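Single-letter residue listing:
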Amino acid sequence: MQNPLLSISNLGKKFGGVTALVDLDLAVPRNRIFGLIGPNGSGKTTFFNVVTGIYPATSGTVVFEKEDITRFSPQKVYRAGVARTFQRSRLLLPLSILDNITLGDHSQLENGLFFNLFRRRALAAQYRQLLDKSRDLITIFDPGLADRIFEPVVNLPMISRRRIEICRALISNPKLLLLDEPSAGMTHEETHRLIDDILQIKDKIADLTIIIIEHEMSVMERITDHCAVLNFGQKICEGTYQQVAADPEVQKAYLGVD
Amino acid sequence: MDIGLIAQQTVNGLMLGLIYSLVAVGFTLFFGVLDVIKFSHGDMLTWGVFTAFSVYLGLTLIGLAAPVLILVIVALVAMAAIGFLGAAIAKVLIIPLKGAPPLNTLLITLMLGTVLRESIRLFYPDGANPKHFPALLPDWSHSWGHFTLRFDNALMLLTGLLMIVLVQLVIKRTKLGMAIRAVSQDEETARVMGINFNLVVYVTFAIGSALAAFAGVIYVLYYNELSFNMGLLLGAIGFSAAAVGGFGNIYGAIVGGFLFAMLQSIGAAALPFASAYKDVFAFGVVIVLIAVKPTGILGEKETERV
Amino acid sequence: EKVQVAFIGPLTGGVSAIGVGGRNSADLAVRLRNADPKAKYEYELVVLDDECKPNTGVQVATKAAADKKIIAAAAHYCSVVALAGVDVYHKFGLPIVVWGAVHPDITYGNDYKEIHRVNGTMINQNEVAAKFVKELGYKTWVNLYDTTDYGKGMNEYFSKYLTANGGKILGSFGVTADQQDFTAELTQAKKLDPDVIWFGGLTPLGVRIRLQMEKLGLTSQFQSCSGIISDAYVTGTGELAEGTIAFREGEPVEHLPGGKWFMEEYNKAGYSEAPDAFGPFAFVAMNLILDTIEEVGPKRKAVVKRMENIKDYKSIVGAVTFDEHGQNISPAITKYVVQDGQWVPWQDSEYAAGKRQLKRR
Amino acid sequence: MSEPSRTHASLLPSVAAVLAGAVYMVFFLAGESQMVVFGLLVGAVLALAAFKHWRVLDAVGQSARDHQGPFSIVVVAAVAAVCLYFYDDAFVLFLLGTVLVYVLTCLGLNIQFGFVGVMNFAGASFFGVGCYTAAVLTKHTALPHLLIIVLGGLLAALLGFVILIPVLKTRGHYAALVTIAFALLFKTFLEVNDTLGGPQGLKAAGLNLFGWDVGRDIAIGDFEGSFYLGYIAVILLLAILGFIMARRMEDSWIGLNMDAVRLDETVSACFGQSIPRWKITAFTIGNFYCGVAGAFYAMMLGYIAPTNFTFGDSLILLSIVILGGLGSLWGTVVATGIVIIIPEKFQVLQEYRFLLFSALVIAILLFRPQGLLPRPLRGYRTLKSLPGKS
Amino acid sequence: MEKKVSALSVRGIYTGYDRADVIEDLSLEVEEGTITCLLGNNGSGKTTVIRSILGLTPPRAGRILFHDADITHLATHKIVRLGLASIPEGRKVFPGLTVEENLRLGGYQEDDKEVLLARMQKVYALFPRLEERSTQLAGTMSGGEQAMVSIGRGLMGAPKLLIIDEPSLGLSPLLVKENFRIIQSIREQNITVFLVEQNVRQTLAISDYGYVLSKGRVVAQGSADTLRDNEEVRQAYFG
Ligand SMILES: Nc1ncnc2c1ncn2[C@@H]1O[C@H](COP(=O)(O)OP(=O)(O)OP(=O)(O)O)[C@@H](O)[C@H]1O
Ligand SMILES: Nc1ncnc2c1ncn2[C@@H]1O[C@H](COP(=O)(O)OP(=O)(O)OP(=O)(O)O)[C@@H](O)[C@H]1O
Ligand SMILES: [Mg+2]
Ligand SMILES: [Mg+2]
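Rules used in this analysis
- Residues numbered from 1 in each chain as written.
- Chains lettered and ligands numbered in written order.
- Predicted model: local features only at pLDDT ≥ 70, side-chain atom pairs only at ≥ 80, totals over all residues.
- Heavy atoms only, no water.
- Helix = DSSP H or I, 4+ residues; strand = E, 2+ residues; numbered from the N terminus.
- Buried < 20%, exposed > 50% of the residue type's maximum accessible area, 1.4 Å probe, protein only.
- Contact = heavy atoms within 4.5 Å.
- Areas by Shrake-Rupley, 256 points an atom, 1.4 Å probe, with all protein chains shown as cover.
- Lys, Arg positive; Asp, Glu negative; His and termini not counted.
- Charge placed at Lys NZ, Arg CZ, Asp CG, Glu CD.
- Donors = N, O, S within 2.8 Å, 3.2 Å for Na, K, Ca; no water.
- Polar contact = N/O pair within 3.5 Å; in protein donor to acceptor, adjacent residues only side chain to side chain.
- Expected span 1.5 Å × (residues − 1).
- Near = heavy atom within 4 Å.
- Nonpolar A, V, L, I, M, F, W, Y, C, P; charged D, E, K, R; others polar.
- Domains from an automatic or database assignment.
- Salt bridge = Lys/Arg side-chain N within 4 Å of Asp/Glu carboxyl O.
- Pairing = 2+ DSSP bridges.
- Axes fitted to C-alpha atoms, helices over the stretch in contact; angles between N-to-C directions.
- pLDDT = per-residue confidence, 0-100.
- Phe/Tyr/Trp six-rings, centres within 6.5 Å; stacked < 30°, edge-to-face > 60°.
- Lys NZ or Arg CZ within 6 Å of the ring centre and 35° of its normal.
- Disulfide = S-S within 2.5 Å.
- Buried area = accessible area lost by both parts, 1.4 Å probe.

Draft legend 1. Structural detail: the overall build of chain D. A count of helical and extended segments in chain D gives 17 helices and 6 strands. Structurally, chain D occupies a C-alpha span of about 65 × 60 × 45 Å along its principal axes. The burial tally for chain D puts 60% of its 390 residues in the buried class. Here the analysis covers contacts within chain D between residues at least 6 apart in sequence; of these, 79% occur between residues at least 24 apart. Of the roughly 14500 Å² that chain D leaves accessible, carbon and sulfur atoms contribute 70%. Chain D carries 23 positive and 20 negative side-chain charges, and their two centres are separated by 12 Å.

Okay, structure coming up:
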């Protein structure tokens, strides 16, 4: 593949006796939506965690934009342009929607002590800008939430929380977005609205690559350009959705078509 | 240093370590069930000791003379009474606060500690002054040079360790133990499993508090002295021991307790500086240890994943 | 006309027993005066708790001193607190009489005319103590002291006078004031095998050390200082108290006619706590204040002026005479020994008579 | 799109509340007899309960939040007015000064604990570092006192670095242990060691600002006031400064970052936060506050000793923070007032006062588990009012 | 006609959290021996209904009967002991306990060790992954594995009524199918099932009766077949 955005080679991850990833090789092309599927416990989330630096890799390398980020801390991975959502939603529940989204834009903000304490007008300007930006973003997903942007997220239903989480990941205009089961627990209709929204965003942002983990196959079918299938931490198959779905091994291990 | 001296210091350290461990086990229990630091734990110990003392006075008043019988009654009554008090505290102060920030529990038990302490000082007859607790165990002893081994110390050490093992068995082997651990992980789901949350909390607090009373009885048998503010520092050290050993792990509490006692003994006896620095030394080492093992020596395992 | 006088002392915390005893004694002085038909004024006692902490001390000192209605105060058992407060009293011109704190600098560290003290400093006490025990024939000591101002000061002066008198200190251990276990230190001491274990500090620690000496089979004589002369020491140690020696400023209260009378009145008044070791001094301090006010009227300046030359003032702890620093210079030091569960002046004891023996003599 | 559609509350309720509070304070502070003090205390509780019932308190809170600036000015004016009312009552002024000192200290602890979640059980120790700095430097150097106050803060912050590594590496109760151990260690160290006066402590010189001896009574024309007015002026200024800085910190990206670190370290790290950075920042700034407050306090008090910096004192400081409401700046102010003034007013109870005070705190916690004034959601209110292009 | 016995009867309950009611005047019946499902959008209040039944968030008004016993204000553990078990939403496993301990807690009411062992074997047979990982801390399992633990734990009890809240959340398609098979087999053991699921097509395929919830109110109900043919339901859930 020509100049992939993310290339993984030989990646391995062990937790004590549990082997979560084995000799994984992947190349994720730019500007595409890349699907990751596999049975439960096959290592998909672990893959995200290793890429984002939460877990150190046991072996292998992760190269992002030609830079070896294998040993990067989560902060550095984020600064390199990778943002993510979590399989179990992780918002800062007592904080407002705005705060939660703003947090995602950390790299664009002035975080210096002096700036924040003494250059209040410049800060206010930055704040207004960000407020507008957050509102615009969340409006795409749910205009209702834009009106409640100063309310704490603790009272919101799961679907809203997932949307906010995606906004948090998107606000910094990342180059790579990692989505871990974004539609889990949504109804059919809700799921498809979410996909529409994601595709809309994808169109707006010129240079955005997405890796998505999903167990909802209709989503994968609609949205991905390319899929890889993991089983027992290994890649067992790769190709377009139609290709992998037709693979007998995938059907047996994952889809359960008999 | 000669062998006798070392042996003596070892026994001193063991006794001290036992008391610290017993207090630390209590902290670990409360932490285990509700994730709270109960800062009044040391003062519960004091109450245990004063209950024991009162019972002792009462028994001698009615003419009971057999020291061992007295001791057994004294210990049982003190443990029962303080266990009950612990459950009552859980009901009135701890459970109502379970929805609030955990720090409130800390503060409320801190204040409770003051209330307990001050009540003894003010309302116990001549409560502000230290009192003498008689030796109820036979004072057989044997000396080798500088080393005196006392029978009662050995007995206390044994009973104390037995007690800890007992608690450990209850936690590890019984349904109650499992319920305690489930409650500490997720109260709501535990209730959905059919666990009576309140009851588990009461029972845990009763056990932990009774253990404090037990530690108090050991303390007072060993030192023969009681005073209203004896629990304050003991509480702080017990907490440190529980933490440095690793919360939620009874063996951690034991390790922490004996470690702390050992550090103090070394600080007082073996190091070149003044003995008054022994606490500085012990706490200094504790800080370093925590820097190296941030969740204690037998620390909790990381259970969170993303 | 109501005249306000204040009592300041530690009513909460570890040494509250002494503070409350002092408070009761001062209160007794005021009550007796108010009951006295010859008294010119009616007195009201304002009681303040200094918690034995300097910051609270300064706070209550300010409260008393800034309140112009308060004419004088009997103040402080804890030396640090007294040291912290003296500037305040001076600044606001409130005359005080210290009733328990023993640090020399309280009176000698300044030239404030407002500060007086009826009890002696730790210097006098230790000088007498060192000489006395040396004369008893002891040769070697191990010193333990708590690291408060009191314990450290005691240790400093006792060691100084002891070595000057030819005593030998084999080892000395500072211990913290809330320490509970002394077995490590005492085991060391046991190895050094001194004639005497000396302790500088207060009752709670004194009790613990005496008991733990026994645990470890330490057979040395136990000697201490005014800090442990209290009923609590005797009840706290039980039989082991027997033969403990200690020293205190002032003539033995029980010897003076006023002393007995004081105890009778105290019991009559029905306080629920004992006067404790320094009750008599608090009583004297308050009485001195009241007498002075009776004499010169309820004005601070006049009281300060009058107190400059108090001489041979008769009291239940002996005659009081202030030197130019306001320090009572006549406090005799009484030597005490515990005999049959009582602190008995040495000269009255069976030990002095040779009927009983101290340890290791 | 607009703000949540809520009409702006009027300033009136909050001003009225401050005025009522000020008048109450005057009566409370002036109250001498047991009866008066208790009557006022019970009255306050009943009044608050009634106001809460009638939703007056909500209105006050809303009004105060909508008018941060004016409200704060009114509060400061009210404090100044109360102080001036007691212009020649040295004791009341001293007490008020002490309250302000503790406000500054607890604001610092609140930054550590309420914002970034670092529990500091050694607040009194860092406060003590400030005190000792002031005592030693006023005695041995001729440095300007204002500089010494700043140095007190800096040294406290610096000493914090001693336990920085374990503080950074641990969380929750383990972090608590580190600071508890430090607090116990600090006090023992001061006592055992004689270089800093040992257990007996040190005298500290009074504050002298550019030739103005603050320790001297004030006489301007016919007005004669206690010298404590001078001290109060200084500490009021320091407390206001501290408050403004804390508020600005809260209403800025720093506050957001700190909240994130407190609530979820993993998420924070995944969005580029450096967790050590914010912990160090909060810990250091908080200790700086403690040190500054301590240095000033030593000068006002004139005498310091190790017994002022015990673990117990640290606990009192932390109690204030919790009682006020975690992260709540106004809560800290109110709670400090309660925790410092009420035990003093309980002096009439003599030896029973701690017992009652503790019982009172327990009662407050049972009835008000979120603290007296729980922290409101961050609304960037101080930013919104600023003019500027967007 | 066969006599219908109501296992669970919810009558006009109102439930809310801090302020507003989330559930308003909601009534439903679960007949013994059936699978009854509750459908609804995210945030429509399904979980809240379950919480009300379990006594975790007791209703402000209304009554809940379980086999004719009023359980409206009973403590959760007492309700559970009447024979009501649940598989809670959101894979609520005990993270710090091992897989095996989690399963054992599911059988907390059962004292007979043999019985427990047999049940555990059954669970292990259904989810071999759990047996493989019986000593792993549940909190470190993958999302789907935690769902397996949660389901397995629910199967460890022997309830009369099993309440299941979104069991297939995060499960692979293979396991989702397996899951529905399990639910059916539960009914065959004469256990009544009250099911909340987003996977509407399959849910209705196995259910006998269903309710549709919207904004805290029942907006449609009927037998599974009628619901399947309901136009609104189709639109919202099948697309
Ligand atoms: N922190 C950990 N400690 C131990 N084992 C772990 C840890 N994290 C993951 N595992 C194990 O590694 C394997 C892969 O887990 P991972 O979360 O990557 O699965 P997944 O593909 O995301 O599955 P799912 O679709 O169920 O979310 C699982 O078997 C899991 O139990
Ligand atoms: N603890 C809570 N505090 C306040 N509001 C809550 C709480 N839990 C739920 N809510 C609110 O109650 C409403 C119903 O929530 P509930 O969880 O019952 O919905 P649900 O139908 O189960 O949704 P989902 O499909 O997401 O599970 C939602 O609007 C939610 O925001
Ligand atoms: Mg996963
Ligand atoms: Mg739900």
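What follows picks up the thread again.
Draft legend 2. Summary view of the coordination of the magnesium ion (ligand 3). Residues and elements named next belong to chain A. Here the magnesium ion (ligand 3) is held by Thr45 (OG1) and Gln87 (OE1), and the distances to it run 1.9 to 2.2 Å. In this pair, Thr45 is assigned in helix α1 (residues 44-51) and Gln87 in the loop between β6 (82-84) and α3 (97-103), connecting sequence segments 42 residues apart. You'll find Thr45 and Gln87 in the same group, each marked buried.

Draft legend 3. Highlighting the side chain of Asn328 of chain C. Position of Asn328 of chain C relative to the elements: it lies in the loop between α12 (300-308) and β11 (333-339). At 3.0 Å, the side chain of Asn328 of chain C and the backbone nitrogen of Thr321 of chain C are in polar contact.

Draft legend 4. Structural context of helix α2 (residues 54-66) of chain C. Residue and element names in this part refer to chain C. Between the first and last C-alpha of α2 there are 17 Å, a value that for 13 residues agrees with the 18 Å anticipated at 1.5 Å per step. With 12 of 13 residues buried, α2 is to be regarded as a mostly interior element. Those residues of α2 lying buried are Pro54, Asn55, Thr56, Gly57, Val58, Gln59, Val60, Ala61, Thr62, Ala64, Ala65 and Ala66.

Draft legend 5. Quick look at the site of ligand 1. Around ligand 1, a shell composed of 24 residues is seen, among which Thr45 and Thr46 of chain A together with Arg133, Gly144 and Glu145 of chain E lie nearest. What surrounds ligand 1 is not a single chain but chains A, B and E. At 2.8 Å from an oxygen atom of ligand 1 is found a main-chain nitrogen or oxygen belonging to Gly41 of chain A. Summarising the interface, the protein chains cover 95% of the accessible area of ligand 1, which totals 630 Å² for the free molecule. When contributions to the shell around ligand 1 are tallied by element, the ones reaching two or more residues are β2 (18-28) and α1 of chain A together with α6 (143-155) of chain E. Here the residues of the shell around ligand 1 are counted per class, giving 5 nonpolar, 13 polar and 6 charged.

Draft legend 6. Examining the domain arrangement of chain D more closely. All names here are of chain D. Taken domain by domain, chain D consists of domain 1 (1-85) and domain 2 (89-353). Taken over C-alpha atoms, the centre of domain 1 sits 26 Å from the centre of domain 2. Contact residues are listed per partner, giving 18 residues for domain 1 and 16 residues for domain 2. For the interface between domain 1 and domain 2, the tally reads 0 salt bridges. Our enumeration of links across domain 1 and domain 2 arrives at 3 residue pairs in polar contact (both at pLDDT 80 or more). Of all the elements in the fold, those that place two or more residues in the side of domain 1 that touches domain 2 are α1 (12-30), α2 (34-53) and α4 (68-85). Considering every element that reaches the side of domain 1 that touches domain 2, the biggest residue donor is α4, with 9 residues. Tallied by class, the residues present in the side of domain 1 that touches domain 2 amount to 13 nonpolar, 4 polar and 1 charged.

Draft legend 7. Inspection of the coordination of the magnesium ion (ligand 4) at higher detail. Residues and elements named next belong to chain E. Within the protein, Thr47 (OG1) and Glu89 (OE) serve as the donor atoms for the magnesium ion (ligand 4), at 1.8 to 2.2 Å. Of this pair, Thr47 sits in helix α1 (residues 46-53) while Glu89 sits in the loop between β6 (84-87) and α3 (99-106), and the two are 42 residues apart along the sequence. The partly exposed category is assigned to Glu89, whose relative accessible area is 33%.

Draft legend 8. Representation of the sheet that holds β2 of chain A. Residues and elements named next belong to chain A. With respect to topology, 4 strands assemble into an open sheet ordered β2-β1-β4-β5, the strand pairing being antiparallel. The open sheet has two edge strands with one neighbour each: β2 and β5 (67-68). Of the strands in this sheet, β1 (6-15), β2 and β4 (59-64) are in contact with α1, which crosses β1 at around 110°.

Draft legend 9. The arrangement of the confidence of the model for chain D in detail. All names here are of chain D. Looking at chain D, the pLDDT average stands at 87 and 97% of residues meet or exceed 70. Mean pLDDT per element in chain D: strand β4 (residues 218-220) is the minimum at 73, and helix α13 (residues 275-301) is the maximum at 95. Residue range residues 1-5 is modelled with pLDDT below 50. Its contacts to residues more than four positions away, or to other chains, number 9 contacts. Across the whole predicted complex the pTM is 0.92, and at the interface the ipTM reaches 0.91.

Draft legend 10. Fine view of the packing of aromatic side chains. For the structure on display, the rule yields 56 aromatic pairs over all chains. Every member of this aromatic cluster is reached through a ring pair, and the members are Phe27, Phe31, Phe39, Phe239 and Phe247 of chain B together with Phe121, Tyr174 and Phe311 of chain D. If you follow Lys13 of chain A out to its NZ or CZ, it ends over the ring of Phe15 of chain A, 5.1 Å from the centre. Positioned above the aromatic ring of Phe86 of chain A, the side-chain terminus of Arg90 of chain A is 5.9 Å from the ring centre.

Draft legend 11. Main features of the state of the cysteines. The tally for this structure, following the rule as stated, stands at 1 disulfide over all chains. Residue pairing for Cys52 of chain C: its cysteine sulfur links by disulfide to Cys78 of chain C, the two sulfurs lying 2.0 Å apart. Here the S-S torsion is close to -110°, and the disulfide linking Cys52 of chain C with Cys78 of chain C is therefore left-handed. Here Cys52 of chain C, found in the loop between β2 (42-49) and α2, pairs with Cys78 of chain C, found in the loop between β3 (70-75) and α3 (79-92); they are 26 residues apart in sequence, far enough to count as distant. Classification of Cys52 of chain C by relative accessible area gives partly exposed; the value is 22%. With no disulfide of its own, Cys83 of chain D lies 18 Å from the sulfur of Cys106 of chain D, the closest cysteine sulfur. Cys83 of chain D sits in the buried class, given a relative accessible area of 4%. Its sulfur unpaired, Cys106 of chain D is 7.8 Å from the next cysteine sulfur, which belongs to Cys290 of chain D. You can call Cys106 of chain D buried: its relative accessible area is 0%.

Draft legend 12. Layout of the interface of chain A and chain D. Counting from both sides, the interface comprises 45 residues of chain A and, opposite them, 42 residues of chain D. With both chains or domains summed, chain A and chain D bury close to 4000 Å², and 67% of this area falls on carbon and sulfur atoms. It is Arg120, Tyr127 and Arg128 of chain A that lose the most area in chain A upon contact with chain D, and together they represent 16% of the buried surface on that side. Viewed at the interface, chain D and chain A are joined by 2 salt bridges. Between Arg90 of chain A and Asp264 of chain D there is a salt bridge, with the nearest N and O atoms lying 2.8 Å from each other. Across the contact surface, chain A and chain D share 17 residue pairs in polar contact (both at pLDDT 80 or more). Contributing elements (two or more residues each) for the side of chain A that touches chain D: α2 (74-80), β6, α3, α4 (113-118), α5 (120-141), α6 (143-147) and α7 (158-170) of chain A. Ranked by the residues each element gives to the side of chain A that touches chain D, the list is headed by α5 of chain A, at 11 residues. Tallied by class, the residues present in the side of chain A that touches chain D amount to 23 nonpolar, 10 polar and 12 charged.

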